[in-house]
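Each chain is listed here by its residues.
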Amino acid sequence: MSGPSVQTSPIIPKPRGGRAHYATWGFIVLCVFALYHMEQSWNHAAENITFYFTALQIGALLRGVCNFVEEIWHVQSRHRSSWWRVVVACLSPSLRCHALLLLVSICAYIALFGETGLQLFLNLILVCLCQLLSFAFGLQSPSAVEMSEICEKNNCNVAHGLAWSYYVGYLKLVLPRLKDLISEFNRANNNLLKCKETWKLHILLPMSCEIYDDLQKADSHIQYWKDLPALQLDRAGTKWRSYKQSIYTILGEDKKLNYCIVEYAPPLQSLYAMSQDESAAFGREDRLEQAQLFCRTLGEILQRSKECAGCYRLIVYEESGDSDSHFLSKEILKHIRQQHLEEYTMCEGNHESSTFLSTEPNILISDSELPGPLRSDGF
């Protein structure tokens, strides 16, 4: 995540790359290199590779058959009474490939070892026994990293659903209308929110997921001021459902007050509640991982949303380990200052570009006393 609406944070994990795949090929090259320099018989190596490869294919099929036995009892509820769905769900997506490789491996095994049918049958039974014992003792269960990668690639994480729910059910509704609501508020409050670069919803994303219902309790330098005009919409059978945001004053170290529209992301509160409920089987490490993925997913969703561009700022942070009772207000003020700096930098860049590229000086003259809107792409 990058850009003006959120700062890249080392605590937010990036999507995994293909380094594990490259490492696999690296080890393959090392193994071949070692076999070559140990002057092993290539015929002997081929026999062993064929045997182990056959065992792997048998193992994949046996795992699918064992899963099939369980899924027989869930055909109606999980697979909509379709036996074909059960087969596809239990066996690897590359079922045909596994079956073909198994057939080729067995043929190669017979050709290389020249064994009788009885001996071949006995060896296959031993292979099946080894694979089944491996499954029974959980020796081939995926690691935590593999499970995490599978969930991320298939968007199966709790965080993914929470981020999309938060966006579709709230942010997508209020952010496109936020600046109009601020303009309406300013007309009734003597233009209180003067700095347009901070006309954004500042969303607090603490990695601990510990959220205060009253921001004043989190930091005494943050004080509630007023609410923006409520946005009322008909939603899911509720007439005139109300959505509103609160304006807070942030007291800086220079004793000056800064006005800011700020709130926590409620889905993080759900993650915290899940980690406190034993029935959810959701531990502290799970909560941290899902909070990180929630922030990353939310950032990616908002980055692709054109209607929300320039209307939000994500403030991702880890609580300070020391006893700084005003850590949160300092974090918010840091982002406000960065927005002022970004706006100033953009203005300077636009001015220089106009000066060097313009041949008619009068095109720089504006009839408006206020600067024109500057583009902000969300990230």
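Values in this document were obtained by computation on a predicted structure and should not be read as measured data.

Caption draft 1: Focus on the sheet that holds strand 7 (residues 312–317). The five strands lie next to each other as 2-5-6-1-7, forming an open sheet whose pairing is mixed. Single-partner strands in this sheet number two, and they are strand 2 (222–227) and strand 7. Within the sheet, the average angular offset between the axes of one strand and its neighbour, ignoring direction, is 40°.

Caption draft 2: Structural detail: helix 1 (residues 19–37). Counted at 1.5 Å a residue, the expected span for helix 1 with its 19 residues is 27 Å, and the 27 Å between its end C-alpha atoms agrees. Of all 19 residues that make up helix 1, zero are buried, and the element is exposed over most of its length. Glu 39, located one to two residues past helix 1, shows a positive phi value of around 55°.

Caption draft 3: Representation of helix 2 (residues 42–71) in the model. With 30 residues, helix 2 ought to run about 44 Å at 1.5 Å a step, and its terminal C-alpha atoms sit 43 Å apart, in line with that. Buried within helix 2 are the following residues: Ala 45, Glu 47, Thr 50, Thr 54, Ala 55, Gln 57, Ile 58, Gly 59, Leu 62, Gly 64 and Glu 71.

Caption draft 4: Main features of the pattern of salt bridges. Per the counting criterion, the structure on display carries six salt bridges. Across the pair Asp 234 and Lys 239 runs a salt bridge whose closest N-O atoms are separated by 3.0 Å. What makes Asp 234 partly exposed here is its relative accessible area of 46%.

Caption draft 5: Here's a closer look at unusual backbone geometry. Unlike most non-glycine residues, Cys 209 shows phi in positive territory, near 65°. With respect to the helices and strands, the residue Cys 209 is situated in the loop between strand 1 (201–206) and helix 9 (215–218). For Ala 236, which is not glycine, the phi dihedral falls at a positive 50°. Inspection of the secondary structure assignment puts Ala 236 in the loop between strand 3 (231–235) and strand 4 (238–243).

Caption draft 6: Representation of the nonpolar core in the model. Within the largest apolar cluster, 59 residues are counted, with the highest numbers of intra-cluster contacts made by Leu 171, Leu 175, Leu 204, Leu 205, Phe 294, Leu 302 and Ile 332. Looking at which element gives the most residues to this core, the answer is helix 8 (residues 158–188), with 14 residues. Residues within four places of Leu 302 in sequence aside, it is in contact with Tyr 167, Leu 171, Leu 175, Cys 308, Tyr 312 and Leu 314. By size, the runner-up hydrophobic cluster in this structure holds five residues, among which are Ala 55, Ile 58, Leu 62 and Phe 135.

Caption draft 7: Structural context of the pairing of strand 5 (residues 246–251). Burial analysis of strand 5 places five of its six residues in the buried class, the great majority of the element. Note that strand 2 and strand 5 share five bridges and pair antiparallel. Each bridged residue has a counterpart across the sheet, and for Gln 223 the counterpart in strand 5 is Thr 249. As judged from the five bridges shared by strand 5 and strand 6 (residues 257–264), these two strands associate in the antiparallel manner. Bridge pairing in strand 6 links Ile 247 to Ile 261. If you look at the hairpin formed by strand 5 and strand 6, you'll find five residues sitting between the two strands, and Lys 255 has a positive phi there, around 70°.

Rules and cut-offs
- Residues numbered from 1 in each chain as written.
- Predicted model: local features only at pLDDT ≥ 70, side-chain atom pairs only at ≥ 80, totals over all residues.
- Heavy atoms only, no water.
- Pairing = 2+ DSSP bridges.
- Helix = DSSP H or I, 4+ residues; strand = E, 2+ residues; numbered from the N terminus.
- Axes fitted to C-alpha atoms, helices over the stretch in contact; angles between N-to-C directions.
- Expected span 1.5 Å × (residues − 1).
- Buried < 20%, exposed > 50% of the residue type's maximum accessible area, 1.4 Å probe, protein only.
- Salt bridge = Lys/Arg side-chain N within 4 Å of Asp/Glu carboxyl O.
- Core = buried A, V, L, I, M, F, W, Y, C linked by side-chain atoms within 4.5 Å.
- Contact = heavy atoms within 4.5 Å.

Function cannot be inferred from these measures alone, as they are strictly geometric.
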